[in-house]
Amino acid sequence: MKVGIARERLAGEQRVAATPESVRQLVRLGLQVIVESGAGMAAGHSDASYTEAGAEVAFSLDPAAVDVVAHVRALAPGTAARLKPGAVTVGLASPSTDLPTVRALADARVTAFALELVPRISRAQSMDALTSQALVTGYRCVLEAAIRLPRFFPLYMTAAGTVPPAKVLVLGAGVAGLQAIGTAKRLGARVSANDIRPASADEVASMGGTFIRLDVEGEAAGGYARELTADRGALQRELLAPHVADADVLITTAAVPGRRAPLLVTRDMVARMRPGSVVVDMAAESGGNVEGSVPGQDLPVPTADGAGEVTVVGLKDAASAMAADASRLYAKNVANFIALLVPGADGTVAPDFSDEVVAGACLTHDGEVRHEPTAEALAALASAEAPPGEIDETEEGAG
């Protein structure tokens, strides 16, 4: 069976879904790998390196001519529609924000696996792309904050006086948050953090940060954060407000897999920070943890006292900015997941839906959207797109 690796089309995306190393792994499974010319150039991999690894390099990749498509960013709806029925896709699908693509995948009867949905269990760690890419992003977001903050991160004691360390607050203590804590700590900042999962306290402490305890908790099965109700979310923001105001740098990393990022910080909370402070919203591309943040833009927010501005950074393509190592990790995640779909030595891709990893990561199959939150979001979208005045006959009859 043929596995296609396309060149990413999204502007700014430099990662690739396969490296020469992961191509060798796929070839050993009995799969034929076709790489689109130039797909790995930004990540440091030439066409020749893929050929040497056993792949075929094609000038352009026809989605309809392959059995499996491995990708980094969510496919465009048009690309999804061109896939043949029964084809398999593996990659980051952004199900909460790319609903038209999800609908196109279902309509094309494609079996799509979203790596965001891989269950957080020990057996699936080697396929967990959220974790591998969060490692890169958490490191990068601290660097982005450091180059914008008009002061030092570390403590300096000089003959001209003492420079106190910057205060960094990290919201969300998953992999990205912990990496941000560790990076900020290595740069010499005084770091504190909060997460709605109480079990995160020990992990924050192990990275050198101080855990801020609030009377707001939310942990779902598998160790992921659970989306808070509106009332609990409002309470969380109220309790966080004084800690945000006291920070020189605020980094937000909170995410709920498969859903829009939760709002943690309002514009009013940002305005109460000191002039020159920096806010980095790592979740800007999935809805944003910070009110008003825009992916790829730095927005100045006037402080409440009128003395200056706070810079709100909507992080975009953070992992892509470090394409070589991000691709190294991501391609391994993809290859390990595809290996799970190949039960025998003949190179046949045959998903076993009795496997909790396969079933958990499945977004669409046989014309259906298997991920319930995404199915609900699509139903709501369809209702919103319905012509004005259209009547639901079921409800009319029930009346």
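Calculation criteria
- Residue indices follow the written sequence of each chain, beginning from 1 at its first position.
- Local features in this predicted model are restricted to residues of pLDDT 70 or higher, and side-chain atom pairs are both shown and tallied only at a pLDDT of 80 or more, whereas totals for entire chains, interfaces and linings draw on every residue.
- The side-chain values count all of the structure's non-hydrogen atoms but skip hydrogen atoms and water molecules.
- Helix numbering and strand numbering both begin at the N terminus, where a helix is a DSSP run of H or I of at least 4 residues and a strand a DSSP run of E of at least 2.
- Within these notes, the globule rule equals 2.2 Å times the number of residues to the 0.38 power, and the radius of gyration is based on C-alpha atoms.
- The rule is simple: take the accessible area with a 1.4 Å probe, protein chains only, and divide by the maximum for that residue type; under 20% is buried, over 50% is exposed, in between is partly exposed.
- Between two residues, a contact is recorded if the distance between any of their heavy atoms is within 4.5 Å.
- Throughout, the Shrake-Rupley method with a 1.4 Å probe supplies accessible areas, and for residues the shown protein chains are the sole cover considered.
- His is not counted, nor are the chain ends; Lys and Arg add positive charge and Asp and Glu add negative charge.
- For the purpose of locating charges, the reference atoms are NZ of Lys, CZ of Arg, CG of Asp and CD of Glu.
- In summary, the pairing rule links any two rings of Phe, Tyr or Trp, Trp by its six-membered ring, whose centres are within 6.5 Å, and it sorts them by plane angle into stacked for under 30 degrees, edge-to-face for over 60 and tilted for everything else.
- Interaxial angles span 0 to 180 degrees and are taken between N-to-C directions of axes, which are lines fitted to C-alpha atoms, for helices over the stretch in contact.
- Between 65 and 115 degrees an angle is taken as roughly perpendicular, under 35 as roughly parallel, over 145 as roughly antiparallel, and anywhere else as oblique.
- We call Asp, Glu, Lys and Arg charged. Ala, Val, Leu, Ile, Met, Phe, Trp, Tyr, Cys and Pro are nonpolar, and the rest, Gly among them, are polar.
- Strand pairing is assigned whenever DSSP detects at least two bridges linking the two strands.

Participant: Help me out: how do you make sense of the overall build of the chain in this one?
Facilitator: Tallying secondary structure elements over the chain gives 13 helices and 17 strands in all. For a compact globule of 399 residues, the expected C-alpha radius of gyration is about 21 Å, and the chain comes in at 23 Å, within 12% of that figure. Structurally, the chain occupies a C-alpha span of about 70 × 65 × 35 Å along its principal axes. A burial count over the chain gives 48% of its 399 residues as buried. Taking the intrachain contacts of the chain between residues at least 6 apart in sequence as the baseline, contacts between residues at least 24 apart amount to 65%. Accessible surface for the chain amounts to roughly 17700 Å². Of this, 53% is attributable to carbon and sulfur atoms. When the 34 basic and 48 acidic side-chain charges of the chain are each reduced to a single mean position, those positions are 7 Å apart.

Participant: Would you mind going over the packing of aromatic side chains with me for this structure?
Facilitator: How two aromatic rings sit relative to each other is given by the distance of their centres and the angle of their planes. All chains considered together, the criterion is met by three aromatic pairs. A centroid spacing of 6.3 Å and a plane angle of 20° characterise the contact between phenylalanine 113 and phenylalanine 353, whose relative ring orientation is stacked. Separated by 240 residues along the polypeptide, phenylalanine 113 in strand β6 (residues 111-114) and phenylalanine 353 in the loop between α10 (323-341) and α11 (356-361) bring together distant segments of the chain. Classification of phenylalanine 113 by relative accessible area gives buried; the value is 1%. Between phenylalanine 152 and tyrosine 156 the ring centres are 4.8 Å apart and the planes differ by 70°, which places this aromatic pair in the edge-to-face class. Using a relative accessible area of 46% as the deciding quantity, one classes phenylalanine 152 as partly exposed. The class for tyrosine 156 is partly exposed, based on a relative accessible area of 38%. An aromatic cluster of three or more residues is present, and its members are Phe113, Phe337 and Phe353.

Participant: Can you help me understand the packing of helix α5 (residues 129-148) against α10 in this one?
Facilitator: Relative orientation and spacing of two packed helices are given, respectively, by the angle between their axes and the distance between those axes. Following both chains from N to C, one finds α5 and α10 inclined at 175°, their axes separated by 9 Å at the closest point. The angle between α5 and α10 places the two elements in the roughly antiparallel class. Across from Ala129, Ser132, Gln133, Leu135 and Val136 in α5, the residues of α10 making contact are Ala326, Leu329, Tyr330 and Asn333. Residues belonging to the contact of α5 with α10 are distributed by class as follows: six nonpolar, three polar and no charged.

Participant: It is not clear to me how the sheet that holds strand β9 (residues 167-171) should be interpreted in this structure. Could you clarify?
Facilitator: Adjacent strands of a sheet pair through backbone hydrogen bonds, lying either parallel or antiparallel. Taken in spatial order, the seven strands of this open sheet run β11-β10-β9-β12-β13-β15-β14, and their pairing is mixed. The two strands at the open ends of the sheet, each matched to only one other strand, are β11 (210-211) and β14 (298-302). Where β14 lies against strand β15 (residues 309-314), five bridges are found, and the strand directions are antiparallel. Bridge assignment links valine 301 to a residue of β15, and that residue is valine 310. Against the sheet, α5 contacts β12 (249-252), β13 (278-281), β14 and β15, and its axis sits at roughly 155° relative to β13.

Note that every value here comes from positions in space, so none of it alone points to a role or purpose.
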